[in-house]
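Architecture at a glance
What follows is the residue order along each chain.
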Amino acid sequence: MKRVLLSLILIVLVVGIAVAGCAKPAAAPTPVPAPEPPKTLDIGIATPLTGPMAFVGTQIQNAALLAIDDQNAQGGVTIAGQKYVLNPIIRDTKQDLVLGKTIAEELVFDKGVKVITGPFISDAIGAQRVTEPTKVIAFFAGVIIPEMCGPNKPYSFFWNPTFEQYYLNPAAYIQKFYPEAKTVISITPDIPTVPAFVTAIKAVFPQFGLEWLGLEKFPLGTKDLTPVISRALAKNPDIVDVCATGGVAGLGSVSIKQIRQAGFNGPIMVPLPPARGEAEEVIPKEYLTSIVIAYPDVDSPIVSEAFRDMYYKAKEKFREDPDTPLFFSYNPVRAFFKFLDGQDSMDTTAWMEGFAKYHWQGIYGFENYWVGKKVWGIDRRVFVYPWVSEYKDGKLVTEFSAPIPYEMFVGEK
């Protein structure tokens, strides 16, 4: 019996060895190709970094750098299956029209960029002469001249609020908190955007029961505003509007100080605010009251959490207080990079058409999308935060949100 059992075991072993010997060798595993390393997608940042508008340009530059960092932290962008890391190329336009055009030519023709952000006023006019015919996506501050925005300029997006929103915010505040104040005089440097300010004033003030007494201009670069202030106060206004003055480095706070020194104690409207913190440094505390201004106290309970987080993040990174141009420009540029991730081609026309219809949850606590077709025949403007502040006895107080003027800009032309 034992011999039979041993024989069976031997037979099984022999058959097993034979079968194993006849079996095909196991196929080698197919090598998995290594992922293709990310390429670089250059982003042009062309903005005034020296000269009188340097404080604005620095904020715009910082906004773009933050938006690039935020997108790269999420792995960059994937376009048509290829991964890209965003890379900034920074140039100083000095707020000059000719230089703005020259820099745009370098970025487009030499560097091959498909996106430029940062041109501000005159430099934007020059840059657009390059970006539109070459179908480069461009983010400009505002519509400096009417010809900059329209159906024939589809690659240009504008991140500054409309001038109407600039004025609607403080006008709504004045109506609520200073109902007895009715007449307004404006003072402003003589710059290319003045006609746009005037158009906005005429559209907005009547909605809030304000009577406009006109505009007093002075040459850009003027330091002593006493003559223009004297002419303005001679019209006995209830309110003084400093118009575009607040956007000129150092001049906004100086104008407020000199208006108070001239004896005017009524509300001062500041639709375009000076650099954050500048007012407290330049204007004596006793003058820093009844000043209605466009930037918020970030710790106010009415300010969105996303905006507040953005403020402290930027302050930590750049070691200075972030200002309104940073928030205004970051909001749509960051949205564009999110939109870009997942596009199926490098065709900037497809990018332009898709982004024009894009909706995003911005940093202001409400849904953002492009508006303006009702006015310009194309949706290329975006709303910004509606918060309005007032300096009261030397302290910035934010407790009011103005209505967002959808009815003025949303709808067919």
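Residue positions are counted from 1 within each chain, in the order its sequence is given. Totals for whole chains, interfaces and linings use every residue, but because this is a predicted model, local features are given only for residues with pLDDT of at least 70 and side-chain atom pairs only at 80 or more, for both listing and counting. With hydrogens and water excluded, all non-hydrogen atoms of the structure serve as input to the side-chain values.

This paragraph deals with the overall build of the protein. Helix numbers and strand numbers start at the N terminus; a helix is a DSSP run of H or I with at least 4 residues, a strand a run of E with at least 2. Helix and strand counts for the protein come out as 14 helices and 15 strands. For 413 residues, the compact-globule estimate of 2.2 N^0.38 gives 22 Å, and the protein exceeds it by more than 25% at 29 Å. With the principal axes as the frame, the protein shows a C-alpha extent of 130 × 45 × 40 Å. Accessibility here uses a 1.4 Å probe with only protein chains present; expressed as a share of the type maximum, an area under 20% marks a residue as buried, one over 50% as exposed, and anything in between as partly exposed. In the protein, buried positions account for 55% of the 413 residues. Each radius of gyration is computed over the set of C-alpha atoms, and the globule rule expresses the reference value as 2.2 Å times the number of residues to the power 0.38.

With respect to the helices, strands and loops of the structure, Leu-49 is situated in the loop between β1 (39-47) and α2 (54-73). Residue Leu-49 is classed as partly exposed on the basis of its relative accessible area, which comes to 24%. For the pair formed by Leu-49 and Asp-297, sequence separation is 248 residues and the distance between their alpha carbons is 26 Å. For Leu-49, the contacting residues outside a window of four places in its chain are Ala-54, Gly-57, Thr-58, Gln-61, Ile-90, Arg-91 and Asp-92. Between two residues, a contact is recorded if the distance between any of their heavy atoms is within 4.5 Å.

Glancing now at the nonpolar core. Across soluble globular proteins, nonpolar side chains have a tendency to be buried as a group. To form a nonpolar core, buried Ala, Val, Leu, Ile, Met, Phe, Trp, Tyr and Cys residues must be joined to one another through side-chain atoms within 4.5 Å. With 137 residues, the main nonpolar core has Phe-139 and Phe-336 as its most contacted residues. Beyond its immediate stretch of four places on either side in the chain, Phe-139 contacts Val-115, Ile-116, Thr-117, Gly-118, Pro-119, Phe-157, Trp-159, Pro-332, Val-333, Phe-336, Phe-355 and Trp-370.

Next up on the list: the packing of aromatic side chains. Two measures describe an aromatic ring pair: the distance that separates the ring centres and the angle between the ring planes. We call Phe, Tyr and Trp rings a pair once their centres come within 6.5 Å, taking the six-membered ring for Trp, and we label the pair stacked below 30 degrees between planes, edge-to-face above 60, and tilted otherwise. Enumeration over the complete set of coordinates arrives at 39 aromatic pairs. On the numbers, 6.0 Å between centres and 35 degrees between planes, the contact of Phe-336 with Phe-339 is tilted. A residue pair is termed a helical-turn pair when its members lie 3 or 4 positions apart in one helix, as Phe-336 and Phe-339 do in helix α11 (residues 324-340) at three residues. Of the residues examined, Phe-339 reaches a relative accessible area of 9% and is grouped as buried. Where Tyr-385 meets Trp-387, the ring centres are 5.1 Å apart and the plane angle is 10 degrees; that geometry is what we call stacked. Exposure remark for Tyr-385: the relative accessible area of 1% places this residue in the buried category.

On to the packing of helix α5 (residues 163-177) against helix α6 (residues 194-204), then. Structural elements are reduced to axes, namely lines fitted to C-alpha atoms, with helices fitted over the stretch in contact, and the angle between N-to-C directions of any two is expressed from 0 to 180 degrees. At a minimum axis separation of 8 Å, α5 and α6 run at an interaxial angle of 45 degrees. With respect to α6, the element α5 is oriented oblique. When the axes of α5 and α6 are compared, the crossing they make is right-handed. Facing α5, whose interface residues are Phe-163, Glu-164, Tyr-167, Leu-168 and Ala-171, α6 presents Ala-196, Phe-197, Thr-199, Ala-200, Ile-201, Ala-203 and Val-204. Each angle is binned into one of four classes, with values under 35 degrees roughly parallel, values over 145 roughly antiparallel, values of 65 to 115 roughly perpendicular, and all other values oblique. By the definition used in this description, the sense in which the near helix is turned from the far one sets the handedness, with an anticlockwise turn below a right angle giving left-handed and a clockwise turn giving right-handed.

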